[in-house]
Amino acid sequence: MTILVAYDGSADARAAIEFAAKHLTAEPAVIVTVWEPLLVQLKKYPLAAGAIDPGTEDEAHAQAEQHAKEGAELAVASGLSEVTYRAVADNESIWKTIVDVADEVDASLIVTGSRGLAGVRSVLLGSVSNHVLHHAHRPTLIVPPAPKN
């Protein structure tokens with residue numbers, strides 16, 4: 001059995017990893033960060049074509065790799081074992097990519113934070129966690145934000 005944790009570097013994603021490590025039994029875990037290639041961005045936001053710098057695709061991939069690695073390090077530090085990580089290109093939508101990777105690794109559980117780095121986009125388009133919850137055919141745990149002290 002494998003736990004798939006969606007991680008984008010946000011505080012809520014960190015809380016999701018920490019919660020999973022604290023409350024779930026030790027199972028192999030895959031930390032996944034989804035990034036959007038240039039062509040996907042152009043399809044989604046055609047009016048922004050002139051504002052998108054083609055050189056940013058390599059940077060986006062590198063940043064996603066770094067986020068995934070950071071998430072894996074956090075998972076290990078929080079107590080999860082057998083942790084691997086992946087940065088996966090989004091070909092359609094972030095939530096669908098998460099669901100597809102969960103299917104690929106036959107995850108016993110998908111863990112995600114309730115809010116990510118999408119901010120205003122999630123209000124307009126619906127949150128990634130909400131879409132994962134309603135489209136995944138496997139158990140999904142959505143971890144709310146950590147309480148503010």
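What this report covers is the structure whose coordinates are included nearby.

Basis of the calculations
Residues numbered from 1 in each chain as written. Predicted model: local features only at pLDDT ≥ 70, side-chain atom pairs only at ≥ 80, totals over all residues. Heavy atoms only, no water. Helix = DSSP H or I, 4+ residues; strand = E, 2+ residues; numbered from the N terminus. Buried < 20%, exposed > 50% of the residue type's maximum accessible area, 1.4 Å probe, protein only. Contact = heavy atoms within 4.5 Å. Areas by Shrake-Rupley, 256 points an atom, 1.4 Å probe, with all protein chains shown as cover. Salt bridge = Lys/Arg side-chain N within 4 Å of Asp/Glu carboxyl O. Core = buried A, V, L, I, M, F, W, Y, C linked by side-chain atoms within 4.5 Å. Pairing = 2+ DSSP bridges. Axes fitted to C-alpha atoms, helices over the stretch in contact; angles between N-to-C directions.

Another point: the overall build of the protein chain. The number of helices and strands found in the protein chain is 6 helices and 5 strands. Each helix and strand of the protein chain, placed in order from N terminus to C terminus, yields the pattern β-α-β-α-α-β-α-β-α-α-β. Buried residues in the protein chain amount to 41% of all 149 residues. The contacts of the protein chain with a sequence gap of at least 6 include a subset with a gap of at least 24, amounting to 78%. Of the roughly 8,300 Å² of accessible surface on the protein chain, 57% is carried by carbon and sulfur atoms.

Scanning the entire structure with this criterion turns up 4 salt bridges. Across the salt bridge formed by Arg86 and Glu104, the nearest N and O atoms sit 2.9 Å from each other. Pair noted here: Arg86 is in strand S3 (residues 83-89) and Glu104 is in helix H4 (residues 94-104), with a separation of 18 residues, a long-range link. For Glu104, a relative accessible area of 55% translates into the label exposed. Of the charged contacts in the structure, one is a salt bridge between Asp100 and Lys96, with a shortest N-O distance of 3.2 Å. Here the residue Asp100 and the residue Lys96 both occupy positions in helix H4, the gap between them amounting to 4 residues, near one helical turn. For Asp100, a relative accessible area of 36% corresponds to the partly exposed category.

Counting 18 residues, the largest nonpolar core has Ile17, Ile31, Val83 and Val111 as its most contacted members. Elements that contribute at least two residues to this core include exactly strand S1 (2-6), helix H1 (11-23), strand S2 (29-35), helix H3 (56-78) and strand S4 (107-113). No other element matches H1, which puts 5 residues into this core. When near neighbours in sequence (up to four residues on either side) are disregarded, Ile17 contacts Val5, Tyr7, Ile31, Gly71, Leu74, Ala75 and Ser78. Membership of the second largest hydrophobic core comes to 14 residues, among which are Leu4, Val32, Ile98 and Val99.

Before going further, it helps to spend a moment on the sheet that holds S2. Here we have 5 strands laid out as an open sheet, ordered S3-S2-S1-S4-S5, and parallel in their pairing. Across the chains shown, the open sheet's two edge strands, defined by having one partner strand only, are S3 and strand S5 (140-143). Averaged over all adjacent pairs, the angle separating strand axes in this sheet is 25°, with direction ignored. Where S2 meets S3, 7 bridges bridge the pair, whose relative direction is parallel. In the sheet register, Val34 faces S3, and the bridge partner there is Val88. H1 contacts S1, S2, S4 and S5 of the sheet and is inclined by roughly 140° relative to S4.

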